[in-house]
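These are the residues of each chain, in order.
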Amino acid sequence: MGTSHIFCPLPVQRGPIALAAIFAILIAPGAASPALAQGSAQGQAEAIVLRPLSFFKVNDLDFGDIIPSATAGTVTIEPDGSRSRTGGVTLAGDGGEPARFAGLGTQNRQVNISLGSNMIWLTGPGVRMRARTFEIGSTPTAILSTSPMRFRITSALGNYNFPVGATLEVGANQAPGDYSGTFTITLNYL
């Protein structure tokens, strides 16, 4: 639907009233038209559909931000998320979290869990750093190794999740930058 506007010429007048009338006529078409605004944005949705007897990584192991010194030290992320240090390492900020895995099996099913290697190397711009003493969050917590350790799925739905922490060895005068490495968790459903 359109809007039409008819303008009739006004007799020329002098003074502030004439200016006000001309201003009102010029503004009227804009005021009569509805203001239309439209915008759009996109969101993202994700889902993981598990097949029975499977598992996946929820998040990576993150030792957080650290500040080295002239003395070597360690940073430990516990399965419960707490972070501690030894030696000349300073913890910066509140960062750091254990790795977390989740999966789907069947209630009362036994599962063997093992680690691909008892230690890994994190590489970056400086001398590589060693991560060791991987620990799985269970009751009680247990050190993971290349030898399988067994747990039982207790959930009636068969779902489970577990965190994994570790200790990072930080060298004296470690070069700043991002360091990363990969570790492997293996589950065998019995």
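Use the structure listed above.
Small disclaimer: the values here were computed from a predicted structure and weren't measured.

**Student:** What should I look at first to understand the packing of aromatic side chains in this one?
**Tutor:** The description of an aromatic ring pair rests on the distance of the ring centres and on the angle between the ring planes. Under the counting rule described, the total for this entry stands at 7 aromatic pairs. For the pair Phe-151 and Tyr-160, a centre-to-centre distance of 5.7 Å together with 65 degrees between the ring planes defines the contact as edge-to-face. By relative accessible area, Tyr-160 is classed as buried at 11%. On the numbers, 6.4 Å between centres and 5 degrees between planes, the contact of Tyr-160 with Phe-162 is stacked. Each member of the pair, Tyr-160 as well as Phe-162, is classed as buried. Three or more aromatic residues link up through ring pairs in this structure, and these residues are Phe-55, Phe-101, Phe-134, Phe-151, Tyr-160, Phe-162 and Phe-183. Over the face of the ring belonging to Trp-121 we find Arg-128, whose NZ or CZ atom lies 3.8 Å from the ring centre.

**Student:** Looking at this structure, I do not really get the pattern of salt bridges. What am I missing?
**Tutor:** When the charged atoms of two side chains lie near each other, side chains of opposite charge can form a pair. All chains considered together, the criterion is met by 3 salt bridges. Taking the shortest distance from any N to any O, the salt bridge between Lys-57 and Asp-60 comes out at 2.9 Å. Classification of Asp-60 as partly exposed rests on a relative accessible area of 45%. Notably, a salt bridge pairs Arg-132 with Glu-169, separated by 2.5 Å at the nearest N-O pair. Residue Arg-132 is found in strand β9 (residues 129-136), and its partner Glu-169 is found in strand β12 (residues 159-170); the two are separated by 37 residues along the sequence.

About the criteria used
- Residues numbered from 1 in each chain as written.
- Predicted model: local features only at pLDDT ≥ 70, side-chain atom pairs only at ≥ 80, totals over all residues.
- Heavy atoms only, no water.
- Phe/Tyr/Trp six-rings, centres within 6.5 Å; stacked < 30°, edge-to-face > 60°.
- Buried < 20%, exposed > 50% of the residue type's maximum accessible area, 1.4 Å probe, protein only.
- Lys NZ or Arg CZ within 6 Å of the ring centre and 35° of its normal.
- Salt bridge = Lys/Arg side-chain N within 4 Å of Asp/Glu carboxyl O.
- Helix = DSSP H or I, 4+ residues; strand = E, 2+ residues; numbered from the N terminus.

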